[in-house]
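Here is what each chain is made of, one letter per residue.
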Amino acid sequence: MKRIIALLLAAVCLFSFVACQSSNSEKTEAPQTPEIYNMKILSVNGEDITYEFYRYYYLFVKNSYAESGTEVTEEQIKEDVLNKLLYDAAVHKLLAKYSQSLTDEEIKECEEYVAMYVTAYGDVFESQLESEMNMTINVFTKMTINEMAYNKLYTYLAEESNGKIDFSDSAV
C-alpha cells in the first residue's frame, strides 16, 4: 500500500512540472539519435549521467528561471543542474548508508508503473512528455525511481524507532 501511494505521489510530482511549464517556455529541439541521448556526459558520485537526463534538468532549470522572470547566467543554470544531480546522488547514497537501497522489486515496480502509462496512452504520452516537459521515457522512469527513493529515505528517517530524527519535545 505504501508503495502504491508513493508511486501515485511520484506521478503527481512529475506531472506538476507540466503546470509550471508555459507555452512561452524555451523548447529546444532534441537530437533524435539514441547514441546522443545515451551518451554519458559526466559522472556524479560514481553514477554516469546521460545527455538526456542532463538535458531534462538543464531545460527544467532554465525554463523555471524564465517563468519567474529572473535573470540568470549560463553558469548559474549549470550550477543548479549540478546541485540537483548531487542531491539525487546523495539520496541514493544515504539509502545505501542505512541499508535501505531500492530493491530490484521496487525498481521493477517503478518500471511497470511507467509501462502502464506507455501502454495506456502510447505515442501521445511520449510526445506529451517531450513537448511539455522535455522528458523522454527513460528520464521519466529515472525520475519515478528517484521519487520512490526520496519517499523511502524520508519514511526511514522519519520513523521514530530508527532514531535518525529527534522527535523529543525539546527538539521540536
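Residues numbered from 1 in each chain as written. Predicted model: local features only at pLDDT ≥ 70, side-chain atom pairs only at ≥ 80, totals over all residues. Heavy atoms only, no water.

> A description of the pairing of strand 2 (residues 47–50) should follow, citing residues and the corresponding values.
Of the pairings in the sheet, the one linking strand 1 (residues 40–44) to strand 2 comprises four bridges and is antiparallel in character. If you follow Ser43 over to strand 2, its bridge partner there is Asp48. Connecting strand 1 to the next strand, strand 2, in antiparallel fashion are two residues, including Asn45 with a positive phi near 50 degrees. (Pairing = 2+ DSSP bridges. Helix = DSSP H or I, 4+ residues; strand = E, 2+ residues; numbered from the N terminus.)

> Please provide a residue-by-residue account of the nonpolar core, values included.
Counting residues in hydrophobic clusters, the biggest one holds 36 residues, and the most contacted among them are Tyr57, Val81, Leu85 and Met135. Broken down by secondary-structure element, the contributors of at least two residues to this core are helix 3 (51–68), helix 4 (74–97), helix 5 (104–133) and helix 6 (137–158). Considering each element in turn, this core owes the most residues, ten residues, to helix 6. (Core = buried A, V, L, I, M, F, W, Y, C linked by side-chain atoms within 4.5 Å. Buried < 20%, exposed > 50% of the residue type's maximum accessible area, 1.4 Å probe, protein only.)

> Could you give an account of the environment of Val118, naming the residues involved and the relevant values?
Of note, Val118 is situated in helix 5. Residues Val118 and Ile137, spaced 19 residues apart in sequence, show a C-alpha to C-alpha distance of 8.4 Å. Here Val118 is in contact with Phe125, Glu126 and Ile137, once residues within four sequence places are set aside. (Contact = heavy atoms within 4.5 Å.)

> Can you tell me about the packing of aromatic side chains, naming the residues and giving the values?
Per the stated rule, a full pass over the model turns up twelve aromatic pairs. Geometrically, the ring pair formed by Tyr54 and Tyr58 is stacked, given 6.3 Å between the ring centres and 25 degrees between the ring planes. Taken as a pair, Tyr54 and Tyr58 lie in helix 3 at a separation of four residues, close to a single helical turn. Overall, Tyr58 belongs to the buried group, its relative accessible area being 15%. Pairing Tyr87 with Tyr150 gives two aromatic rings, centres 5.6 Å apart and planes at 50 degrees, and the pair type is tilted. Taken together, the residues span a long stretch of sequence, with Tyr87 in helix 4 and Tyr150 in helix 6 at a distance of 63 residues. We classify Tyr87 as exposed; its relative accessible area is 51%. Members of the aromatic cluster, joined through ring pairs, are Tyr113, Tyr117, Tyr121, Phe125 and Phe140. Sitting over the ring of Phe53, Lys142 keeps its end group 5.3 Å from the ring centre. (Phe/Tyr/Trp six-rings, centres within 6.5 Å; stacked < 30°, edge-to-face > 60°. Lys NZ or Arg CZ within 6 Å of the ring centre and 35° of its normal.)

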